[in-house]
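Spelled out from the first residue to the last, the chains are:
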Amino acid sequence: MISVKNLSKTFAKEVAVDDLSFDMQPGDVVAFLGPNGAGKSTTMKMLTGFLRPTSGEIRINDLSYASSSLKIKQSIGYLPEGAPAYAEMTPFQFLQFIAQIRGLKGKHKQDRIDQVIEQVELGSVLNRPIETLSKGFKRRVGLAQAIIHDPKILILDEPTDGLDPNQKYQVRQLIKNLAKDKVVIISTHILEEVSEVCNRVMIINQGKLKFDGSPDALLQLSPYHGAVSLHFSYRADASELEELEGVDYMTEDLATGKVTLFPKPGAQILHLVAAHAQRCKLPVDSLYVETGRLDEVFRQITQEQEK
């Protein structure tokens, strides 16, 4: 559905996007990650037709912007950074306006407006000027306009920015429900959204694609993936744990009583650690396998190139 080949964008002498290539298909929910200034928003603006690439090709539904710009844009819903809207309008007026621009008419138009109002829970602020709304409600108005025409491609720049935990949960559930037959691209700084919502992760840094794979594959790059952590109820000698078969090394935090054992490549150490703790009657009040830490992997991937 989306095919990007050798995409680049240069502003003056600054390279914002550098030779990106990737494909996306319906059902892909892609977390588009990267540090500030990495080229994420520039890439999204090129995908939506707001910016013209310096070089490379974007094809959407096998169409190019050069010959079919309007038709492509009709198939895309876009929530840009900041969720811009007409401040003096109410959410209801704004959605009526957007629906009209998108070519919705009659009963279908009103049905879609009613549906998105319910989906993003805007009913309590429908008749208040947008400029008086909280950041979270403004974000929801922006999300509503992005999905009102039921697009096949949904591009969301920080969709949960400014939302409280309950609102974040609701938006994530909405994205999951929408994603069954769509391509959804989410630019975010909230790493928990990767595992909560997405089935694919792309990390961009200094304009280059540094990782493209599943959230599980990304987690497996973490030194903590498969590590076993124990918490002691009081201080005890844990030195023998480091000598267990399959254990590569151990870290110990004396202040918190937490010990973490890192396995050698391919080793499974949980059963050995649990058996040793029971045999030696160590004062363990919790023991669990670490899944990995996305923040560490993200730093590792994005800082390698900088170094």
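The following refers to the structure shown. Quantities reported herein were computed from a predicted structural model and do not represent experimental measurements.

### Looking at the sheet that holds strand 13 (residues 258-263)
- In spatial order, the strands read 12-13-11-14; together these 4 strands make up an open sheet with antiparallel pairing. With one partner strand each, in any of the chains shown, strand 12 (247-253) and strand 14 (284-289) form the two edges of the open sheet. For this sheet, the mean angle separating the axes of adjacent strands, direction not counted, is 15°.
- Note: strand 11 (residues 228-232) against strand 14, 5 bridges, orientation antiparallel. The residue bridging His231 from the neighbouring strand is Ser286, located in strand 14.
- Where helix 9 (residues 270-279) meets the sheet, its contacts fall on strand 11, strand 13 and strand 14, and the angle it forms with strand 14 comes to roughly 170°.

### What about the sheet that holds strand 5 (residues 63-64)?
- Read from one edge to the other, the open sheet built from 4 strands follows the order 2-1-4-5, with strand pairing classed as antiparallel. Here the strands that pair on one side only, and so sit at the sheet edges, are strand 2 (14-24) and strand 5.
- The pairing of strand 1 (residues 2-11) with strand 2 spans 7 bridges and is classified as antiparallel. Following the sheet pairing, Lys9 is matched in strand 2 by Val17.

### Points about the packing of helix 3 (residues 91-101) against helix 4 (residues 106-119)
- Orientation of helix 3 relative to helix 4, taken along the N-to-C sense of each, is 135°, at an axis distance of 10 Å. Relative to helix 4, the element helix 3 is oriented oblique. The two elements helix 3 and helix 4 cross, and the hand of that crossing is right-handed. Packed against helix 3, whose contacting residues are Phe92, Leu95, Gln96, Ala99 and Gln100, the element helix 4 presents Lys109, Gln110, Ile113, Val116 and Ile117 at the interface.

### Here's the deal with unusual backbone geometry
- Positive phi outside glycine occurs at Asp19, with the angle close to 60°.
- Here Asp19 is to be found in strand 2.
- Notably, Asn61 is not glycine yet its phi reads approximately 55°, a positive angle.
- Tracing the chain through its elements places Asn61 in the loop between strand 4 (55-60) and strand 5.
- On the basis of relative accessible area, Asn61 is assigned to the partly exposed category, the value being 37%.

### As for the packing of helix 3 against helix 5 (residues 135-147)
- Interaxial distance between helix 3 and helix 5 falls to 10 Å at its minimum, and their mutual angle equals 25°. In terms of orientation, helix 3 lies roughly parallel with respect to helix 5. In the packing of helix 3 onto helix 5, the handedness of the crossing is right-handed. Note on element contacts: helix 5 touches helix 3 through Val141, Ala144 and Gln145, opposite Pro91, Phe94, Leu95 and Ile98.
- Of the residues in the contact of helix 3 with helix 5, the class split is 6 nonpolar, 1 polar and no charged.

The rules behind the values
- Residues numbered from 1 in each chain as written.
- Predicted model: local features only at pLDDT ≥ 70, side-chain atom pairs only at ≥ 80, totals over all residues.
- Heavy atoms only, no water.
- Pairing = 2+ DSSP bridges.
- Helix = DSSP H or I, 4+ residues; strand = E, 2+ residues; numbered from the N terminus.
- Axes fitted to C-alpha atoms, helices over the stretch in contact; angles between N-to-C directions.
- Contact = heavy atoms within 4.5 Å.
- Parallel < 35°, antiparallel > 145°, perpendicular 65-115°, else oblique.
- Left-handed = near helix turned anticlockwise from the far one by under 90°.
- Buried < 20%, exposed > 50% of the residue type's maximum accessible area, 1.4 Å probe, protein only.
- Nonpolar A, V, L, I, M, F, W, Y, C, P; charged D, E, K, R; others polar.

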